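Below, each chain spelled out in residue letters.
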Amino acid sequence: MSERDLPGMSFNEALEENLALARWSRREFLGRVAAFGAATALTQLLVACGQGGASPSAAAPTAGPTPAGTTTAEATATPEPTPVPTPEGELFVYNWDGYIGEDTVANFQDKYGIKVKYDLFPDEATQIGKLQSDGKGGGYDVSYPASTWMPSFIQDGLVRQLDHSLIPNLKNLSATWQNPGYDPGNAYSVPNYWWTTGFAWDPKHISKDLTSWDALWDSAYSGHMAMLDDMRECFGAAAFRLGLSPNTTDLAELDQIVQLLEQQKPLLRLYTQDDIGDLTSGSLWLTHAWSGDWVQMTYDKPKTKYAIPSEGAVRGNDVMVVLAGAPHPIAAHLWIDFNLDADVSAANTNYIGYMGPNDAALPKIDDYIKNDPKLNPPPEVLAQLVELKYLAPADLDQYTNRWTALRA
Amino acid sequence: VTATATPADQPRTALRETGGPRLSDRLSAGVLILPGVVWLIALFLLPLGIMAVISLGANDPNGHVTLANPSLGNYAEAFRAEYFPAFVRSLYYAGAATILSLGIGYPVAYWISRHGGRRKILLLILVMLPFWTSWLIRTYAWMIILRDNGIVNGLLTSTGLIDSPIPILNTDFAVILGMTYGFLPYAILPLFVSIDRLDESLVQAGRDLYASGRGAFLHVTLPLTMPGVVAAALLTFIPALGDFVTPDLLGGAQTTTIAKLVQVIFTSGHDWPYGSALGFLLMAVTILGTLLALRTLRQEVIGGSAAR
């Protein structure tokens, strides 16, 4: 990293520079910076720097339809102007940082002449809080919640039923994603990325090829291990090790699970919110991790390994939704359709390393992702994966009570 | 030791005896204080009131807060034996950080006051300099310093003092260090004010009466600056008790505090009523501690002088 003059750099460049020194990914850093609200102002500054857009909830969303013609200056970039079946000139998207292809927003703006205001959230709690703040999506058009939220969002009327006629690219979804349990028929949501939760380790310290959840209870690695600071994932890991369902609501089974986690706690260095940074900085030898985070670890430590444990693992996915209060619902549908396009979907996956549910995109996905059984597992492994289900508040309380007692 | 009325008190007393400030003065004072009052009501008391109401409610089957059957059940539930270790740990971290802040802060404040000379203001600005950067960023800096491949471990291994990195991050030590670092300026400022206001001639009088340097400090300086010490202790202890950022970032699996549990209940558990109740209990403990400290202070300073 060269010594550069700070005043000559943009704030973002300076940030990237410093993060590179500190060996954190920008996304991770931003996420954690804002995770505690203490630096809200800074985050807003970063968001503003990154996207040059104000928060739609702060800058009153344009209620009335804007003629598309007023903002189609960029449309000249496309040789054949695409007919825009929308009177909407703007779109408010709320997503993780660094979560889609680098050119996705620019390409969408070029194609449709719709100006995208792209806001970032640092963590899920912030995202959900904002979306629920006014009961209809916090003024955004599109967001990317975890699929586990769908039953509750549908019930609360937080999301809008999709008009499938505006999303012809739905045909690109693979058959396994046409009728997911959390939202039958994809009536309210479209699957975006999916991942597994397994564990990652540094072969410098652990030369064994780990395959079982047992590894995270192995006292040989005591003080050098972490679990994710995520209640459902921790319960899931212990459940798989016990041969139970990660969605169990049986109190005796939950007691068994938490007992196993109690045994593990003294061996742990921490419950990590930054599995990437903690492993690549050398603090950890072995950590409970999301598959996409493992991909990011390999940017820093190429030899880092990952396993989908043989006992089974959680398969997670997130979805694109149109929010109930979306000021630009048609533009929102166009955005979803655009991201289901084979090229766009492949570009998104190639950027972040998470597989999408898109069959048409498969030939265009980089070989290192497509041919990696950990990122694109074979059918027999897929059959071992379990989706986390939404828990009713009374059941969730049973989890939380045990989790807080464990953590205290 | 006799506490005398300072000259500044005289006009105020005189004013009161002549019927208090004029109406226009009171009006302008009211106008001046209005923004502060509005701020406190809108951004402090109102949210606090909302949380108080929520803490009496419960989650309905759809996961929304309902006040259909208000009860104190959440408070009863908050007294769980399982939380005791986290509570003790919170007190331990906050207490240790407070003692360290006073121990480090008092000599610094004393030195700035007595030996700062023309540079007093500059030195005070230096004390406050860290506030120019977000606290979170500074805590991250500590992570870089303390982590296994960080600066401290790098120095220790390169000088051959240790063979492999020792875990410093994610320990009690790191948490207490981080808190002490973070709250030290809050301790130094009130200490400085009380030391700087102390009339040097009182110490001289003590010395004239054959008190040793140590004796004069223990029997004159320290008692007279006790208000500053108590203020510094409160300004360190209270935020340290509620701090979950430092234990969360610098701590590890074995350093959970009550504040972190409250956060978990809100975020993972989506249980606002229960989280609010636990938060209020923590606040009650804090207020109780503050009142006790202030009472001790009153007896120490005002009570002591009134007795003479």
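Residues numbered from 1 in each chain as written. Chains lettered and ligands numbered in written order. Predicted model: local features only at pLDDT ≥ 70, side-chain atom pairs only at ≥ 80, totals over all residues. Heavy atoms only, no water.

Asks: What is the right way to look at the pairing of strand 9 (residues 313–322) of chain A in this model?
Replies: Look at any regular strand and the pattern is simple: side chains alternate between the two faces of the sheet. All names here are of chain A. Taking burial as the measure, the ten residues of strand 9 include ten buried ones, the bulk of the element. Here strand 4 (residues 189–201) runs beside strand 9; their pairing, made up of seven bridges, is antiparallel. In the sheet register, Trp194 faces strand 9, and the bridge partner there is Asn317. As paired elements, strand 9 and strand 10 (residues 385–387) share three bridges and run parallel to each other. Bridge assignment links Val314 to a residue of strand 10, and that residue is Val386. (Buried < 20%, exposed > 50% of the residue type's maximum accessible area, 1.4 Å probe, protein only. Helix = DSSP H or I, 4+ residues; strand = E, 2+ residues; numbered from the N terminus. Pairing = 2+ DSSP bridges.)

Asks: Honestly, the interface of chain A and chain B in this entry has me stumped. Any pointers?
Replies: A common way to report how large an interface is uses the accessible area buried once the components associate. Contact with chain A, which involves 39 residues of that partner, is made by 44 residues of chain B. Both sides together, the interface formed by chain A and chain B hides about 3,300 Å², and carbon and sulfur atoms give 55% of it. The tally of links between chain A and chain B comes to two salt bridges. A salt bridge links Asp148 of chain B to Arg269 of chain A, with the shortest nitrogen-to-oxygen separation between them at 3.0 Å. Our enumeration of links across chain A and chain B arrives at 15 residue pairs in polar contact (both at pLDDT 80 or more). Those elements that place two or more of their residues in the side of chain A that touches chain B are helix 2 (26–34), helix 6 (150–156), strand 6 (268–272), helix 9 (275–280) and helix 15 (393–407) of chain A. The element contributing the most residues to the side of chain A that touches chain B is helix 15 of chain A, with nine residues. The class makeup of the residues in the side of chain A that touches chain B is 20 nonpolar, ten polar and nine charged. (Contact = heavy atoms within 4.5 Å. Buried area = accessible area lost by both parts, 1.4 Å probe. Salt bridge = Lys/Arg side-chain N within 4 Å of Asp/Glu carboxyl O. Polar contact = N/O pair within 3.5 Å; in protein donor to acceptor, adjacent residues only side chain to side chain. Nonpolar A, V, L, I, M, F, W, Y, C, P; charged D, E, K, R; others polar.)

Asks: Please clarify how the pattern of salt bridges should be interpreted in this entry.
Replies: In a structure, side chains of opposite charge can pair up when their charged atoms sit close to one another. Scanning the entire structure with this criterion turns up 15 salt bridges over all chains. Notably, a salt bridge pairs Asp255 of chain A with Arg402 of chain A, separated by 2.8 Å at the nearest N-O pair. Of this pair, Asp255 of chain A sits in helix 8 (residues 251–264) while Arg402 of chain A sits in helix 15; the two residues are 147 residues apart in sequence, bridging distant segments of the chain. One salt bridge in this structure joins Glu82 of chain B and Arg80 of chain B, with 3.4 Å as the shortest N-O distance.

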